[in-house]
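Observations on the model geometry
Next come the chains, spelled out residue by residue.
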Amino acid sequence: MERVDAKVLAKHWRWEKDKDGLAWLTFDKQGESANTFSKEALNELASSLTEIKNSSPKGLVIRSAKDGFIAGADVAEFTRFKSPEDMMAFVKLGWDTFQRLADLPFPPRR
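Let me begin by describing the structure that accompanies this report. The structure displayed is predicted, hence computed values, not measured ones.

Details of the environment of Asp20
Looking at the element boundaries, Asp20 is found in the loop between β2 (13-18) and β3 (22-27). Distance from Asp20 to Lys58, taken between C-alpha atoms, is 8.0 Å for residues 38 residues apart in sequence.

This is the structure in structure tokens:
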């Protein structure tokens, strides 16, 4: 793929837009053998989606830099909750982030 506009957003996500106008978003959780969704990774994904939307690509491809795609939630996050409200804030962050992904203005895949 020819790189047109390479972006490094944070520790876990990077994206670029190719010559055809597609955005390629890559998940590579730093320092881990598997990609998992921690609070930090979800916040970075949300920021990435905002940047990608603002660049007006024709579409989005999400991929992993690791052998597996995503293993799920980072269970270590669960030990950091100090209250039910903390837990619900984490769940809401996940819901809101994936809703942001679903709301991207790309044509549906057929």
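Having seen it, we continue.
Digging into unusual backbone geometry
Where the residue is not glycine, phi is negative for most of them; where a peptide bond is considered, it is trans in most cases. For Ser56, which is not glycine, the phi torsion reads 55° and is therefore positive. In this structure, Ser56 sits in the loop between α1 (39-54) and β5 (59-64). Taking the relative accessible area as the measure of exposure, Ser56 reaches 58% and is therefore exposed.

Brief notes about the side chain of Glu77
On the secondary structure map, Glu77 appears in the loop between β6 (72-73) and α2 (84-102). For Glu77, a relative accessible area of 10% gives the class buried. Within the local environment of Glu77, its side chain forms a polar contact with the backbone nitrogen of Lys39, the two atoms lying 3.4 Å apart. Residues contacting Glu77, with those up to four places away along its chain left out, are Ser38, Lys39 and Phe90.

Considerations on the pattern of salt bridges
Tallying each qualifying case throughout the model produces seven salt bridges. One salt bridge connects Arg14 with Asp28, and the closest N-O pair in it is separated by 4.0 Å. Residue Arg14 is located in strand β2, and its partner Asp28 is located in the loop between β3 and β4 (36-37); the two are separated by 14 residues in the primary sequence. Residue Arg14 is classed as partly exposed on the basis of its relative accessible area of 37%. Among the salt bridges present, the one from Asp96 reaches Lys92, with a minimum N-O distance of 2.6 Å. One end of the pair, Asp96, and the other, Lys92, are both in helix α2, four residues apart, so they sit about a helical turn from each other. Asp96 sits in the partly exposed class, given a relative accessible area of 40%. Judged by relative accessible area, which is 45%, Lys92 ranks as partly exposed. Beyond isolated ion pairs, a larger network of salt bridges with shared partners links Arg14, Asp28 and Lys66.

Details of α2
When the terminal C-alpha atoms of α2 are compared, their 27 Å separation across 19 residues agrees well with the 27 Å that a helix rising 1.5 Å per residue should span. Residues Phe90, Leu93, Gly94 and Thr97 constitute the buried set of α2. Looking straight down α2, one finds its buried side chains confined to an arc of 90°; they lie on one side. Opposite its buried face, α2 presents the exposed residues Pro84, Glu85, Trp95 and Ala102, each directed more than 90 degrees away.

Focus: the environment of Gly68
With respect to the element layout, Gly68 can be found in the loop between β5 and β6. With 35 residues separating them in the primary sequence, Gly68 and Ser33 have C-alpha atoms 9.2 Å apart.

Structural notes on the packing of α1 against α2
Where α1 contacts α2, the axes come no closer than 10 Å and their chain directions differ by 25°. Between α1 and α2, the crossing angle belongs to the class labelled roughly parallel. Crossing of α1 over α2 shows left-handed handedness. Of the residues in α2, those in contact with Lys39, Leu42, Asn43, Leu45, Ala46, Ser47, Leu49 and Thr50 of α1 are Phe90, Leu93, Gly94, Thr97, Phe98, Arg100 and Leu101. Classifying every residue of the contact of α1 with α2 by side-chain character gives eight nonpolar, five polar and two charged.

Thresholds, definitions, all that
- Every chain is numbered on its own, with residues counted from 1 as its sequence reads.
- In view of the model being predicted, local features appear only for residues whose pLDDT reaches at least 70, and side-chain atom pairs are presented and counted only at 80 or more, with totals across whole chains, interfaces and linings using the full set of residues.
- To get the side-chain values, all heavy atoms of the structure are used, and hydrogens and water are removed first.
- Helix and strand definitions here come from DSSP, where helices need a minimum of 4 consecutive H or I residues and strands a minimum of 2 consecutive E residues; each element is numbered from the N-terminal end.
- Only protein chains enter the accessibility calculation, which uses a 1.4 Å probe. A residue is then buried if its area is under 20% of the maximum for its type, exposed if over 50%, and partly exposed in between.
- Here a polar contact is recorded for every N or O atom pair within 3.5 Å, except that within protein the pair must consist of a potential hydrogen donor and a potential acceptor, and residues adjacent in sequence are included only if both atoms are side-chain atoms.
- When checking whether two residues touch, look at their non-hydrogen atoms; a contact exists if any pair is within 4.5 Å.
- A carboxyl oxygen of Asp or Glu within 4 Å of a side-chain nitrogen of Lys or Arg is what we treat as a salt bridge.
- Working rule for helices: expected span equals 1.5 Å times residues minus one.
- To obtain the arc, one takes the directions from the helix axis to the C-beta atoms.
- Each axis is a line fitted through C-alpha atoms, taken for helices only over the stretch in contact, and angles between the N-to-C directions span 0 to 180 degrees.
- Angles are sorted into four bins: roughly parallel if under 35 degrees, roughly antiparallel if over 145, roughly perpendicular if 65 to 115, and oblique for all others.
- Whether a crossing is left-handed or right-handed is set by the direction in which the near helix is turned from the far one by less than a right angle, anticlockwise for left-handed and clockwise for right-handed.
- Ten residue types, Ala, Val, Leu, Ile, Met, Phe, Trp, Tyr, Cys and Pro, are classed as nonpolar, four, Asp, Glu, Lys and Arg, as charged, and the remainder, Gly among them, as polar.

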